[in-house]
There are 2 protein chains.
Amino acid sequence: MALIVQKYGGTSVGTIDRIRNVATRVKRTRDEGNQVVAVVSAMGGVTDKLIGMAREFGDTPAEREMDVLLSTGEQQSIALVSMALHELGVPALSITGRQAGIRTIGSHTRGRIEAIDPDYMRSCLDAGNALVVAGFQGITPEGLIHTLGRGGSDLTAIAVAAAVGADVCQILTDVDGVYTCDPRIVPDARKLPEISYDEMLELASSGAKVMQSRSVEFAKKYGVIFEVRSSLNDNPGTLVLEEHPDMENVVIRGVSIERSQARVTIIGIPDEPGMSARILCALGDAEINIDMIISNIASDGYARHSFTMHANDLGRAQAALKPVLAEISAQAKVETEAGIAKLSCVGIGMRSHSGVAATMFRALGEVGINIGMISTSEIKIAVTVDETRIEDAARAVHAAFDLDKAPA
Amino acid sequence: MALIVQKYGGTSVGTIDRIRNVATRVKRTRDEGNQVVAVVSAMGGVTDKLIGMAREFGDTPAEREMDVLLSTGEQQSIALVSMALHELGVPALSITGRQAGIRTIGSHTRGRIEAIDPDYMRSCLDAGNALVVAGFQGITPEGLIHTLGRGGSDLTAIAVAAAVGADVCQILTDVDGVYTCDPRIVPDARKLPEISYDEMLELASSGAKVMQSRSVEFAKKYGVIFEVRSSLNDNPGTLVLEEHPDMENVVIRGVSIERSQARVTIIGIPDEPGMSARILCALGDAEINIDMIISNIASDGYARHSFTMHANDLGRAQAALKPVLAEISAQAKVETEAGIAKLSCVGIGMRSHSGVAATMFRALGEVGINIGMISTSEIKIAVTVDETRIEDAARAVHAAFDLDKAPA
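Along each chain, residue indices are assigned from 1 in the same order as the chain's sequence is written. In the order they appear in the text, chains get letters beginning with A and ligands get numbers beginning with 1. Only residues with pLDDT of 70 or above have their local features reported here, since the model is predicted, and side-chain atom pairs are shown and tallied only from 80 upward, although totals for entire chains, interfaces and linings are computed over all residues.

All names here are of chain A. Of all the six residues making up strand β2 (residues 35–40), six are buried; the element is thus mostly covered by neighbouring parts of the structure. Here β2 shows two buried faces, one formed by Q35, V37 and V39 and the other by V36, A38 and V40. What makes two strands pair is DSSP finding at least two bridges between them. Per the convention used, a helix needs a DSSP run of H or I reaching at least four residues, while a strand needs a run of E reaching at least two, with both numbered from the N terminus. Direction of pairing for strand β1 (residues 3–8) relative to β2: parallel, over a ladder of six bridges. Along β2, the bridge assignment pairs Q6 with A38. The β-α-β motif built from β1, the intervening helix α1 (residues 16–31) and the parallel element β2 has right-handed crossover chirality. In this sheet, strand β6 (residues 130–134) lies alongside β2 in parallel orientation, the contact comprising four bridges. Considered in β6, the bridge of A38 is made with V132. Partly exposed residues are those falling between the two cut-offs: more than 12 but fewer than 20 other C-beta atoms within 10 Å of their own, whereas 20 or more means buried and 12 or fewer means exposed, with C-beta atoms placed from the backbone. Viewed with both strands pointing away, a crossover whose connecting path from the first strand over the helix to the second turns clockwise is right-handed.

Spelled out as structure tokens, the structure:
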């Protein structure tokens, strides 16, 4: 008998019929001889509707109250999924974040899980029940309701799996697993049987939005093996786990793309300590997420910094930079470029193989695609290209590394 | 500075604009120099919608889960009302049933308040906040969410008022107060400045549905003075409190009516111990609320019992009685009469005045209304009349006791 945590997102519990499907799947998993803990999100659309109501009272509703409001979405789901299980004759109990013993810290609406006290869940499981746990919520040290922010239900599932010592944690979603590239762009993209936490993290931060990075980080930290699989069929998905010797031996695990990027380049910065920090602080204060950062000394002796960010943030970035550049130097100037996209190759095999960049750049060159910025990490190479060529770029690189074929 | 508890029902918080009105009223009460605790219900319609969703999974959803589901309605309201207060610049905190320290016992969906630990509310008040407390909910000794059943928010308001030592508890509703009779029927009905708990209880159980009996009982038990007043204007309402010497000195405080009643009479019951109990148990098991009970020995030596109940329950009552009567005696037979209504005169003055029944019966006789059943308590006389004449009956009795005039 295995103990299985299953996470169902808002789409999976979006209607009465879909809630019935979730109950049927939980029942089948139990009938196969397993204990089941289902972690569920709010019904699709409910959270957005509640946010809309809150916004009626101002653009920045109090976050303590947002937590009280938004946590009701998951609380409704756990009651309804439990009732659907009862309808099928399955003993089931709803478990709120508080009852699950999920202790959180941090600001309201952006809670971080600090610890889970699984005693109540354990006793309910031991009594033979299926558990239906509210995702996305916990309790502060002061006993207040706390939500975990975007992707919070994935995080709940992985943390609960760690706390109850689950044998596996299944993240049931609307994709079949993790692919070598987005199959809508690269039709011969291949579903990966396994991927390492580190690769999954790099893909998540490179635009492959299967899961939020912090859920993967939490799983890595606590050694929770999880599987990304479809809630619509029974196909095996992709296991995410620590790198191990029997893993498919590849140089590149996958290719991801991110569209709608923009580049900001600042030229004429005096080559003195503290300049970069002032510029980055100005962007940070304006809550602009920057992605790639490249810095160099130009031939004129001034430094030049380039950043990428989402194209939507470009206007705000220019506004935030204006005053700080005026302070720094009369020569400092901003150049911007929108209409670019980012292509990333990710793979732990890269550590021990040279020539990855060469293969990637040659593939792009052969189809006439010019490379803009280049940035690397230990297991990733990312480049920017013209956004109109990003799909061609993905197909060329995918083919160059033979990602459509399972390795020998 | 007074500490005022205000209770707002589902209609009062039914839309974003009405929530703003509630916030405005709370702010005004604070601006007049008071501390305020607002107890709020779920937005009108929300609870029914949630019940509808639950029923999709069967006619009798698990009550533990119903409590988890339904308590979200009030939790949403407290967050939204708090946000509306913030919009007006009022410091406000939402307080769930758990945070309010409302400890309950009894079955799920029908909780009874056993105690309130007001420490958290006290500290939040002392810090200068308006509090917005979720009505209708508490926490079981096991830490589970518990709802209080119909009228539960009134009960919460009165219990919170007792626990925090409020100076007054205002039940804000869609009526102006408690009247000598329903003004839609008796145009010269008069709003009462005060009414005793006992009179309010008799009126509540006699069809004047301003409040549930158990809320009034709770207020009486803990000596909470409360005021029924309109949420739409600032008119003073009706104070409900213990009888005191300065109260208006009247024989009859008010007249209430209840329509759609039916009479069931069982004849041919052997005059032996235990017969009534078997009949009443059969009706109780079928969850039929019976109101008046009259029993007598007929001239043939058999007993005859008469009950009144809501006309909707008549069919179920006949079905429930059939098997038990067959067991009791071959002679036992059921007669039914629908199309009747009940008229009640209520007043603590009745204790010390004779002739109340005479005045009432004479008034009815003068307008040609025949009296069916009669039933009395220490402070109430109730009669049944033909439903088509109930409004005439109410006007005649109201006039006979001069209820339109304030006593000298």
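Attention shifts here to the sheet that holds strand β16 (residues 333–346) of chain B. Residue and element names in this part refer to chain B. Strand order in the open sheet made by the six strands is β14-β15-β13-β16-β18-β17, with antiparallel pairing throughout. Strands with a single pairing partner mark the edges of an open sheet, and in this sheet they are β14 (290–297) and β17 (374–377). Across this sheet, the average inter-strand angle for adjacent strands is 30 degrees, counted without regard to direction. Two elements, strand β13 (residues 254–269) and strand β15 (residues 303–310), share seven bridges in a ladder whose sense is antiparallel. Looking at the pairing, R263 lines up with T308 of β15. With respect to the sheet, helix α6 (residues 197–204) is in contact with β13, β16, β17 and β18 (380–386), its orientation differing from that of β16 by roughly 145 degrees. Axis geometry follows a simple rule: fit a line to the C-alpha atoms, using only the stretch in contact for helices, then measure angles between N-to-C directions, giving values from 0 to 180 degrees. We call two residues in contact when their backbone-placed C-beta atoms lie within 7 Å.

A word on the relation of the copies chain B and chain A. A least-squares superposition brings the copies together, and it is based on the C-alpha atoms of residues with pLDDT no lower than 70 in both. The transform that puts chain B on chain A rotates by 180 degrees and translates by 0.1 Å along the axis, for an RMSD of 0.2 Å. In the structure described here, the two chain copies are related by an operation that fits a two-fold rotation axis. If distances are taken from each C-alpha of chain B to the rotation axis, the shortest is found for T72(B), at 2.6 Å. The fraction of interface residues of chain B whose copies in chain A are also interface residues reaches 100%, indicating that both copies meet through the same surface.

Residues and elements named next belong to chain A. A positive phi angle, close to 70 degrees, is found at T109, a residue other than glycine. For T109, the location among the structural elements is in the loop between β4 (102–105) and β5 (112–116). Located in the positive-phi region is S260, a residue other than glycine, with phi close to 55 degrees. Structurally, the position occupied by S260 is in strand β13 (residues 254–269).

With that settled, consider the sheet that holds strand β15 (residues 303–310) of chain A. All names here are of chain A. Strand order in this open sheet of six strands is β14-β15-β13-β16-β18-β17, and the pairing throughout is antiparallel. Edge positions in the sheet fall to β14 (290–297) and β17 (374–377), since each of these pairs with one other strand and no more. Sheet twist, expressed as the mean angle between neighbouring strand axes with direction ignored, is 30 degrees.

Let us look at the confidence of the model for chain A. As a per-residue measure, pLDDT reflects the predictor's confidence and takes values from 0 up to 100. Taken over all residues, the pLDDT of chain A has a mean of 92, while the share at 70 or more is 100%. ipTM for the predicted complex: 0.85, alongside a pTM of 0.86.

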